[in-house]
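# Working through the structure, step by step
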Amino acid sequence: MHPRLHAAFTAEMRSAELALAGNDPDGAFAHLERAHVLGQWHVGAHVRAHLGMLRIGWQRRDPPEVLGQLLRIPGAIAGSALGRVPRGNTGGSRVSAFRGMPIPPDLRELLQLDKRSSAHLADDNA
């Protein structure tokens with residue numbers, strides 16, 4: 001993972017932790033969604049984002065989110081390893097695991113720095 005992309009991913013994960021510590025699960029989830037977009041083409045990062053979402057689902061006692069994340073974690077491993085992920089998908093269970101989504105410009109700029117991630121943006125019309 002490109003160092004700037006890795007730094008941005010780490011910052012989003014850290015911001016999610018801080019939001020959780022501040023009793024802001026919605027804010028934490030928003031940071032995890034951004035981390036998911038940044039890390040979805042890298043197995044470890046992709047799984048970490050889903051584990052964070054699973055944690056929030058568990059804390060909220062949200063069965064659909066918990067089940068959705070339990071199903072997405074193995075998919076994240078396989079999808080990232082094979083380079084088959086829906087571009088821009090934010091990773092929460094309220095969104096289809098197969099739906100591509102527009103990538104915010106600030107995240108797209110970071111993804112374009114990374115060889116593996118940018119290879120999957122080439123055919124993206126967003």
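Residues numbered from 1 in each chain as written. Predicted model: local features only at pLDDT ≥ 70, side-chain atom pairs only at ≥ 80, totals over all residues. Heavy atoms only, no water.

### Let's talk about the overall build of the protein
Test applied: The secondary structure listing takes helices from DSSP runs of H or I that are at least 4 residues long and strands from runs of E that are at least 2 residues long, numbered from the N terminus. Only protein chains enter the accessibility calculation, which uses a 1.4 Å probe. A residue is then buried if its area is under 20% of the maximum for its type, exposed if over 50%, and partly exposed in between. Here, two residues are considered to be in contact whenever any of their heavy atoms come within 4.5 Å of each other. Each accessible area is a Shrake-Rupley estimate made with a 1.4 Å probe; only the visible protein chains count as cover when residues are assessed.
Along its length, the protein carries six helices and zero strands. Written out in order from the N terminus, the α and β elements of the protein read α-α-α-α-α-α. The dimensions of the protein, computed from C-alpha atoms along their principal axes, are 40 × 25 × 25 Å. Relative to its full complement of 126 residues, the protein shows a buried share of 48%. Taking the intrachain contacts of the protein between residues at least 6 apart in sequence as the baseline, contacts between residues at least 24 apart amount to 59%. A total accessible area of about 6700 Å² is found for the protein, and carbon and sulfur atoms account for 59% of it.

### Regarding the packing of helix α2 (residues 25-39) against helix α3 (residues 43-60)
When two helices pack together, their arrangement is given by the angle between the helix axes and the distance between those axes. Note the following rule: With axes taken as lines fitted to C-alpha atoms, and helix axes fitted only over the stretch in contact, angles between N-to-C directions fall between 0 and 180 degrees. The labels follow the angle: roughly parallel below 35 degrees, roughly antiparallel above 145, roughly perpendicular from 65 to 115, and oblique for the rest. Should the near helix be turned anticlockwise from the far one by less than a right angle, the crossing is termed left-handed; should it be turned clockwise, right-handed.
α3 packs onto α2 with a crossing angle of 160° between their chain directions and a minimal axis gap of 8 Å. Put simply, α2 runs roughly antiparallel to α3. As for the relative orientation of α2 and α3, their crossing is left-handed in sense. In this structure, α2 contributes P25, D26, A28, F29, L32, E33, A35, H36 and G39 to the contact, and α3 contributes A45, H46, A49, H50, G52, M53, I56 and R60.

### A closer look at unusual backbone geometry
As a rule of thumb, non-glycine residues mostly have phi less than zero, and peptide bonds are mostly trans rather than cis. A positive phi angle, close to 60°, is found at N23, a residue other than glycine. Look at R61: it is not a glycine, yet its phi comes out positive at around 55°.

### A look at the packing of α3 against helix α4 (residues 63-82)
So the rule is basically this: Lys, Arg, Asp and Glu make up the charged group, whereas Ala, Val, Leu, Ile, Met, Phe, Trp, Tyr, Cys and Pro make up the nonpolar group; the residues left over, Gly among them, are polar.
For the pair α3 and α4, interaxial distance at closest approach is 9 Å and the crossing angle is 180°. Taken together, the axes of α3 and α4 are roughly antiparallel relative to one another. For the pair formed by α3 and α4, the contact residues are V43, H46, V47, H50, L51, M53, L54, G57 and W58 on the first element and E65, V66, Q69, L70, R72, I73, A76, I77, S80 and A81 on the second. Grouping the amino acids of the contact of α3 with α4 by side-chain chemistry returns twelve nonpolar, five polar and two charged.

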